Amino acid sequence: MNGGTDTTARLWRNARLTTFDPNRPGMGTVERGAIAVRDGRIAFAGPEADVPAALRALEPIDCEGRWITPGLIDGHTHLVHAGNRANEFEMRLEGASYEEIARAGGGIVSSVTALRAASEEELVAQSLPRLDALMAEGVTTIEIKSGYGLDRENEMKALRAARKLGELRDVSIRTTFLGAHALPAEMNGDKTAYIDKVVSDMLPAIAAEGLADAVDGFCEGIAFSPAEIARVFDAARNLGLPVKLHADQLSNLEGAALAAAYGALSADHLEYTDAAGARAMARAGTVAVILPGAFYFIRETKKPPIALFREHGVKMAVATDNNPGTSPLTSLLLTMNMAATLFGMTVEECLAGTTREAARALGLVDEVGTLETGKWADFVLWDIGQPAELVYRMGFNPLYRRVRRGR
């Protein structure tokens with residue numbers, strides 16, 4: 001780096017670590033810990049007394065007893081969008097349901113109109129403040145879905161805008177193609193013909209340009225059936241792309257089981273998932289991504305079956321679901337509080353859900369999400385007395401320093 005000089009070579013010492021190293025109990029806490037970094041990766045993370053002699057000569061940084069966690073990961077967002085849907089928020093306050101708004105031409109389709117009218121540059125400009133808000137709370141990796149273009153040109157435009165955000169900011173971006181999100185108006189209700197376009201037109205072009213790291217779909221009565229989603233997943237598998245699924249949010253179409261059958265990285269929302277779905281996810285290693293922002297914002301009453309996921313050993317991630325219509329949320333810290341207060345998730349589950357398990361849901365657990373030797377040096381220093389404060393507080397940001405790739 002920089003002509004042979006490793007600008008990341010440092011020893012972050014006098015720290016308290018929440019490593020989430022699975023080889024350590026609980027949250028992997030290390031009192032009086034240290035992290036050694038070389039070439040942007042962790043060379044050591046553990047008790048300061050155990051730092052190898054070869055690493056003790058690195059430039060020291062005194063963390064003054066602060067807590068360090070892995071960099072936060074927001075594993076489910078629709079961050080690239082145009083405009084907002086505050087008018088629908090008003091409608092909802094007056095009693096309109098999610099489905100009523102969608103069937104009246106609102107919902108996802110209204111965001112499609114706005115995105116199609118925006119240039120790639122405008123999408124980037126509108127999305128940057130949302131990204132900056134998340135980064136300011138310690139986010140170092142974020143997933144961004146398409147799904148508001150619903151044709152090849154505009155889906156690719158959205159994915160290019162998402163990639164551009166990663167060039168303009170010091171953050172890791174994972175992009176997900178969500179062509180099977182809603183039916184655009186020009187299809188006149190013909191879902192079969194639209195899925196034909198997703199499978200034979202959009203997906204091959206997006207894969208050829210390397211614009212997507214994964215493929216997603218919305219399996220719901222107001223969106224697409226399990227059979228239609230299966231066609232998309234078959235095409236994704238043929239192209240070597242992993243899959244994810246918006247599943248069981250408004251009803252139980254056995255989306256969780258469908259996702260598991262395809263070895264999906266994650267199934268997301270899951271309010272109506274049953275025991276069979278939880279068992280299938282556990283067998284497949286499919287992560288449950290819990291999205292309390294959408295539950296809160298559209299005033300749902302059916303909670304995701306957290307106890308079932310615990311019982312069957314399903315890993316759980318927590319994400320903002322940032323989007324203009326049902327979760328205009330740009331605080332992962334507040335999201336953790338919501339997951340705890342609304343769904344009864346523990347502090348450990350919330351913090352693991354925005355670090356290690358979020359990384360697992362993106363297929364990145366071998367690279368980020370824990371403080372372990374060999375992983376990228378993505379971590380956050382916090383001005384807190386105990387990790388529970390990151391879940392307990394509302395509207396308060398205790399971030400002291402955000403480090404990505406050792407910088």
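Treat the numbers as computed from the prediction; the structure is a model and nothing was measured.

This part takes up the overall build of the protein. In terms of helices and strands, the protein carries 15 helices and 15 strands. Viewed in the frame of its principal axes, the protein has a C-alpha envelope of about 70 × 45 × 40 Å. Counting only residues that meet the buried cut, the protein has 58% of its 407 residues in that class. Taking all contacts inside the protein whose residues are at least 6 apart in sequence as the whole, residues at least 24 apart take part in 71%. Of the roughly 15300 Å² of accessible surface on the protein, a fraction of 50% belongs to carbon and sulfur atoms.

Throughout the structure, instances matching the rule amount to three cavities of 30 Å³ or more. When its volume is computed, the largest cavity comes out at roughly 120 Å³. Lining the largest cavity are 13 residues, and of these His78, Tyr98, His181, Asn323 and Thr326 lie nearest its centre. In the lining of the largest cavity, the residues fall into four nonpolar, seven polar and two charged. One number sums up the size of the second largest cavity: a volume of about 50 Å³.

What follows is about the pairing of strand S1 (residues 10-18). Relative to strand S4 (residues 59-62), S1 runs parallel, the two sharing four bridges. Bridge pairing in S4 links Leu11 to Pro60. Bridge count between S1 and strand S2 (residues 29-38): six bridges; the pairing is antiparallel. Across the sheet, Arg10 pairs through a bridge with Val37, a residue of S2.

According to UniProt, the positions carrying the feature "domain: Amidohydrolase-related" (unreviewed entry) are residues 67-386. In residues 67-386, helix accounts for 45% and strand for 15%; the two terminal C-alpha atoms are 8 Å from one another.

This brings us to the packing of helix H6 (residues 191-208) against helix H7 (residues 226-238). Relative orientation of the contacting elements H6 and H7 amounts to 10°, with a least axis distance of 10 Å. By the angle between their directions, the pair H6 and H7 is classed as roughly parallel. Residues Lys191, Thr192, Ile195, Asp196, Val198, Val199 and Leu203 of H6 lie in contact with H7, whose contacting residues are Glu228, Arg231, Val232, Ala235 and Ala236. Across the contact of H6 with H7, the residue classes tally to seven nonpolar, one polar and four charged.

Here we take up the packing of aromatic side chains. Scanning the model with the defined rule gives five aromatic pairs in all. Ring centres of Phe233 and Tyr262 lie 5.4 Å apart, and the angle between their planes is 75°; this geometry places the pair in the edge-to-face category. Of this pair, Phe233 sits in helix H7 while Tyr262 sits in the loop between helix H8 (255-261) and strand S11 (266-269), and the two are 29 residues apart along the sequence. With respect to class, Phe233 is no different from Tyr262; both count as buried. Ring centres of Phe295 and Phe343 lie 4.9 Å apart, and the angle between their planes is 75°; on these two criteria the pair is classed as edge-to-face. Of this pair, Phe295 sits in helix H10 (residues 292-297) while Phe343 sits in helix H12 (residues 332-343), placing them 48 residues apart in sequence. The buried category is assigned to Phe295, whose relative accessible area is 6%. You can call Phe343 buried: its relative accessible area is 9%. Between the NZ or CZ atom of Arg41 and the centre of the ring of Trp376, over which it lies, the distance is 3.8 Å. The positively charged end of Arg405 is found above the aromatic ring belonging to Trp376, 4.1 Å away from the centroid.

Here is what the cut-offs are and how they apply
Residues numbered from 1 in each chain as written. Predicted model: local features only at pLDDT ≥ 70, side-chain atom pairs only at ≥ 80, totals over all residues. Heavy atoms only, no water. Helix = DSSP H or I, 4+ residues; strand = E, 2+ residues; numbered from the N terminus. Buried < 20%, exposed > 50% of the residue type's maximum accessible area, 1.4 Å probe, protein only. Contact = heavy atoms within 4.5 Å. Areas by Shrake-Rupley, 256 points an atom, 1.4 Å probe, with all protein chains shown as cover. 1 Å grid on protein atoms, 1.4 Å probe; cavity = no way out; pocket = protein on both sides within 12 Å on 5 of 7 lines; lining within 4 Å. Points joined across faces, edges and corners; volume = space filled by probe spheres on them. Nonpolar A, V, L, I, M, F, W, Y, C, P; charged D, E, K, R; others polar. Pairing = 2+ DSSP bridges. UniProt positions renumbered as here; feature names shortened; annotations may be inferred. Axes fitted to C-alpha atoms, helices over the stretch in contact; angles between N-to-C directions. Parallel < 35°, antiparallel > 145°, perpendicular 65-115°, else oblique. Phe/Tyr/Trp six-rings, centres within 6.5 Å; stacked < 30°, edge-to-face > 60°. Lys NZ or Arg CZ within 6 Å of the ring centre and 35° of its normal.

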